[in-house]
Amino acid sequence: MNRTARVPVTILTGFLGAGKTTLLQRILADPQGMRIGVLVNDFGAINVDADLIAESTGESVSLQNGCVCCSIRDDMIGAIAGLLDREPAPDRIVIEASGVSRPLPIADALDDDALSDRTALDGIFCLIDGEGFGSLDFAATELAIEQAAGSDVVLLNKTDIASEAALAAIEATLAGPIPRLRLIRTIEGDLPRALLFDTAFDRTDRPSGHAAHHHDHGAHHDHDHEFSTWSWSHEGTVDMSRLRSAMRRLPHDVLRVKGILRAPMGGRIVLQGVGKRIRITPEADAALPARSSVVAIGRPGTLEENWLSDLLGPCGVDA
Ligand SMILES: Nc1nc2c(ncn2[C@@H]2O[C@H](COP(=O)(O)OP(=O)(O)OP(=O)(O)O)[C@@H](O)[C@H]2O)c(=O)[nH]1
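Here the residue numbering is sequential within each chain, running from 1 through the sequence in written order. With pLDDT at 70 or above as the cut-off, local features in this predicted model cover only qualifying residues; side-chain atom pairs require 80 or more to be listed or tallied, and sums for whole chains, interfaces and linings still use all residues. In computing side-chain values, all of the structure's heavy atoms are included and hydrogens and water are not.

Q: Can you walk me through the site of the ligand in this structure?
A: Only heavy atoms are used to decide nearness, and a residue is near a molecule or strand if one of them lies within 4 Å of it. Neighbouring residues of the ligand: 21 residues in total, closest T21, T22, E188, R256 and K258. Between a nitrogen atom of the ligand and a side-chain N or O atom of N157, the distance comes to 3.1 Å. Residue-level accessible areas treat just the shown protein chains as cover; the underlying method is Shrake-Rupley with a 1.4 Å probe. If the ligand stood free it would expose 660 Å²; the protein chains cover 94% of that surface. Runs of E in the DSSP output that reach at least two residues are strands. Runs of H or I that reach at least four are helices, and both are numbered from the N terminus. Those elements giving two or more residues to the shell around the ligand turn out to be helix 1 (20-29), strand 9 (254-262) and strand 10 (268-274). A 3.5 Å cut-off defines polar contacts: any pair of N or O atoms within that distance qualifies, except that in protein one atom must be a possible hydrogen donor and the other a possible acceptor, and neighbouring residues in sequence count only when both atoms are side-chain atoms.

Set out below in structure tokens:
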């Protein structure tokens, strides 16, 4: 790509656990000759997503402990500029927003003086969890719809485990607030590359980030009031059966839990929980992580400060 050309930027958004990292891993597993710069934002203190994609790309930046659409917006602008400055520069950039962020303020940030001459917004994709959407509380449903409304295309994901009735209900729910809804049903974010990149979406009917959702950067908007995160970290390995038992006792108020843990026999254990669906996957061939780390996200005030450490502490084997 010509160094003076603007680098296309794709934004992946969608509520917690909808499948953004899975789609990003899919893109990076088959970059089709492109050098892809990646920015991964995790709302919690530990960026599990960054570790999950780290083996696929050397061109990634991770931002955690805040949301790129508001509290760490300036960090995002600096991080994207940093990606563009790398030698060789990326051919395109993919941003995985945190599950609680709105996409339009991220798109607006590309108009910042530091980026406007160097980047061009390509597409905004919103993943929706076809199986879990119906169980979201009111506020989370609203946020997911807002994310979808601010996107070019909705990827109605997890269609392998969602009922046809659930999928049809989601489509009907989105069609109301989003008159020109473009929706594609997917499994693990799988869609043809031609639909993902260089799509030249018509955005004339889309309001700008600020108009779209009264999103005040700064004092009035702060995800800390909407979501809380809890983290647990342990230097040693983790006992699988105790971990399984702990996850059976995961409080219902937890919206999302994920982690990468040190496996006793070497390798790692990937923990993924979205709502009631928990997946614990031993990956014996993966590199042993430096430590075991788990992050959980829920609503403020629903759980004690130390609940995650109390739950997972007994799973730790050695330090
Ligand atoms: N059955 C099924 N599982 C899926 C699909 N897509 C993703 N998953 C699983 O859903 C869980 C969450 O997926 P992620 O890709 O980590 O979701 P995310 O949107 O990046 O999550 P956050 O970054 O925490 O918001 C993981 O266990 C995935 O393997 C799908 O189409 N079908």
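Q: Explain the packing of aromatic side chains to me, please; I cannot follow it from the model alone.
A: To describe a pair of aromatic rings, you give the distance between the ring centres and the angle between the ring planes. The pairing test for Phe, Tyr and Trp rings, Trp by its six-membered ring, is centres within 6.5 Å, and the orientation test on the planes gives stacked under 30 degrees, edge-to-face over 60, and tilted for anything in between. Inspection of the entire model under this criterion finds four aromatic pairs. Note on F15 and F227: the rings are 6.1 Å apart at their centroids and 50° apart in plane angle, and the pair reads as tilted. Of this pair, F15 sits in the loop between strand 1 (7-14) and helix 1 while F227 sits in the loop between helix 8 (209-213) and strand 8 (228-234); the two residues are 212 residues apart in sequence, bridging distant segments of the chain. Classification of F15 by relative accessible area gives buried; the value is 5%. Accessibility here uses a 1.4 Å probe with only protein chains present; expressed as a share of the type maximum, an area under 20% marks a residue as buried, one over 50% as exposed, and anything in between as partly exposed. The class of F227 is buried, set by a relative accessible area of 3%. Ring plane angle 70° and centroid distance 5.7 Å describe the contact between W230 and W307, whose orientation is recorded as edge-to-face. Placement of the pair is W230 in strand 8 and W307 in helix 10 (residues 307-312), with a sequence separation of 77 residues. Judged by its relative accessible area of 8%, W230 falls in the buried class. In textbook terms, an aromatic cluster arises when at least three aromatic residues are bridged by ring pairs, as seen for F15, F43 and F227. By the criterion adopted, a ring carries a charge over it if an Arg CZ or a Lys NZ lies within 6 Å of its centre and within 35 degrees of its normal. Taking NZ or CZ as reference, R92 lies 3.9 Å from the ring centre of F197, over its face.

Q: Is there a simple way to think about the environment of E283 in this case?
A: Take E283: it is sitting in strand 11 (residues 277-283). The class for E283 is partly exposed, based on a relative accessible area of 28%. In this structure the C-alpha to C-alpha distance between E283 and D137, which are 146 residues apart in sequence, comes to 33 Å. The contact partners of E283, leaving out residues within four places of it in the chain, are G267, R268 and V270. Contacts were defined at the residue level, with two residues in contact if any of their heavy atoms lie within 4.5 Å.

Q: Please explain the pattern of salt bridges as it appears in this structure.
A: Where charged atoms from two side chains of opposite charge come close, those side chains can pair. Salt bridge, as used here: a side-chain nitrogen of Lys or Arg that lies within 4 Å of a carboxyl oxygen of Asp or Glu. Tallied over the entire structure, the rule returns 18 salt bridges. With a closest N to O distance of 2.9 Å, R102 and E146 form a salt bridge. Placement of the pair is R102 in the loop between strand 4 (92-96) and helix 4 (103-109) and E146 in helix 5 (residues 138-149), with a sequence separation of 44 residues. When its relative accessible area of 9% is taken as the criterion, R102 is described as buried. Using a relative accessible area of 23% as the deciding quantity, one classes E146 as partly exposed. Connected through shared salt-bridge partners, R26, E188 and D190 make up one network.

Q: Help me understand the nonpolar core in this model?
A: Membership of the largest hydrophobic core comes to 50 residues, with the highest contact counts inside it found for M76, I80, I95, I128 and F227. Among the elements that make up this core, the one with the highest residue count is helix 3 (residues 73-85) (seven residues). No fewer than three residues from each of domain 1 (7-213) and domain 2 (227-315) sit in this core. Residues within four places of I128 in sequence aside, it is in contact with A18, F133, A144, A148, V154, L155, L156, N157, I170 and L174. Definition used in this section: a nonpolar core is a set of buried Ala, Val, Leu, Ile, Met, Phe, Trp, Tyr and Cys residues joined via side-chain atoms within 4.5 Å. Each domain's limits were defined by an automated method or a database of domain assignments.

Q: What exactly am I supposed to notice about the environment of P88 here?
A: Positionally, P88 belongs in the loop between helix 3 and strand 4. Here P88 falls in the partly exposed class, since its relative accessible area comes to 41%. Taking the C-alpha atoms as reference, P88 lies 8.6 Å from R35; in sequence the two are 53 residues apart.

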